[in-house]
Amino acid sequence: MRYRPFGVAGKAVSAVSLLLREAPNMSSPQAWRTLVFSAMENGINCFEVAAGLDVAALGLGEALKSVERRLLFLSWRLRGDPRGVLTAQAISQSIRSGLQKTGAGYFDLVTMDETAYETMAPDALEHLNQLKASGLCLQVGVVGDGAAVDEGIRSAAFDVANTPFSLTSDWQARRRIREASAANMTLVACEPFPGGLGRAQTAPTGRGLLGRRPEPLAGAGTYAFLHDTPGWTADEICLAYSLTEPTFATIQLELFRTEAIERMAAVTDKDLPTGVAAQIEMARFGEIADRRRA
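Below: a short report on this structure. (Residues numbered from 1 in each chain as written. Predicted model: local features only at pLDDT ≥ 70, side-chain atom pairs only at ≥ 80, totals over all residues. Heavy atoms only, no water.)

1. Some words on the packing of aromatic side chains
- Per the stated rule, a full pass over the model turns up 7 aromatic pairs.
- Here the aromatic rings of Tyr223 and Phe225 are separated by 6.2 Å at their centres, their planes lie at 45°, and the arrangement is tilted.
- Ring pairs connect the aromatic residues Phe165, Tyr241 and Phe248, which therefore count as one cluster.
- The ring of Tyr106 carries Arg69 above its face, with NZ or CZ at 4.0 Å from the centroid.
- The ring of Trp232 carries the charged tip of Lys270 above its face, separated from the ring centre by 4.1 Å. (Phe/Tyr/Trp six-rings, centres within 6.5 Å; stacked < 30°, edge-to-face > 60°. Lys NZ or Arg CZ within 6 Å of the ring centre and 35° of its normal.)

Shown next, in the form of structure tokens:
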């Protein structure tokens, strides 16, 4: 595992981190405890728990008993409800409940999803900053890729921006990253595995018509290489690409199997295969050209 500094906080965090929120077959604190232990054994020290998921918070709390708190970076994600207002009292109760269940003492970071940001009461953000000043959390951040997140970045009210980034990210995503970086915000990437890149969306492989092999450049300008690079899976290439972006402190993943955690953690110590970076750029420009022709 490789580690990177988390912005001005200076705390070293693993290059990949875990988001703990609702998942199939993860209905007990014991299941989450086992998952967190597996992550720690593979060098991951950065975890974010979604508010309202008590079993994950309790499971994380059990795992924390075996590790010095200062060695971990822990985040709490506030989630909004479009049907109501996120009040200062609700924020305080959520954070204090999270600290009680995890036994963390403090959160290194508290983030707000887009709905939380859009529905918060006028005094909610100020109250969050008061909790920050009191030491219950050290930094505050915003999560997502919509207009609300862009507004949050421009407001200078947040320390951290958590936004999707992958090898198919468009100019708007890259513009958001530049703006957050220019505002001296720490950046976290999420969703590095883009959908829609299965074999059905890539160039054909294997033998062509009449048993002839396709031309050597038949897949150029497509994402076919994701499935045909020896020794690499598609998701490993996607993660390795996201790791090449130096502005991110960590790449946040949602993984629920020990095997997947071990495999993704190992990617941090590998470099993209020769030529793959060029293939990614060719595929991106090919995709842009296809959209313009449509």
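Moving on from the coordinates now.
2. As for the pattern of salt bridges
- Counted under the stated rule, the structure contains 18 salt bridges.
- Across the pair Asp159 and Lys132 runs a salt bridge whose closest N-O atoms are separated by 2.8 Å. Placement of Asp159 in the loop between helix 6 (147–155) and strand 8 (160–164) and of Lys132 in helix 5 (residues 124–134) is noted, with a sequence separation of 27 residues between them.
- A relative accessible area of 22% places Asp159 in the partly exposed class.
- The exposure class assigned to Lys132 is partly exposed, which follows from its relative accessible area of 26%.
- One salt bridge connects Glu259 with Arg263, and the closest N-O pair in it is separated by 2.8 Å. With Glu259 and Arg263 both in helix 9 (residues 258–267) and 4 residues apart, the pair spans about one turn of that helix.
- A relative accessible area of 41% places Glu259 in the partly exposed class.
- By relative accessible area, which is 22% here, Arg263 ends up partly exposed.
- A single salt-bridge network, built from bridges that share partners, covers Asp150, Arg154, Arg175, Arg176 and Glu179. (Salt bridge = Lys/Arg side-chain N within 4 Å of Asp/Glu carboxyl O. Helix = DSSP H or I, 4+ residues; strand = E, 2+ residues; numbered from the N terminus. Buried < 20%, exposed > 50% of the residue type's maximum accessible area, 1.4 Å probe, protein only.)

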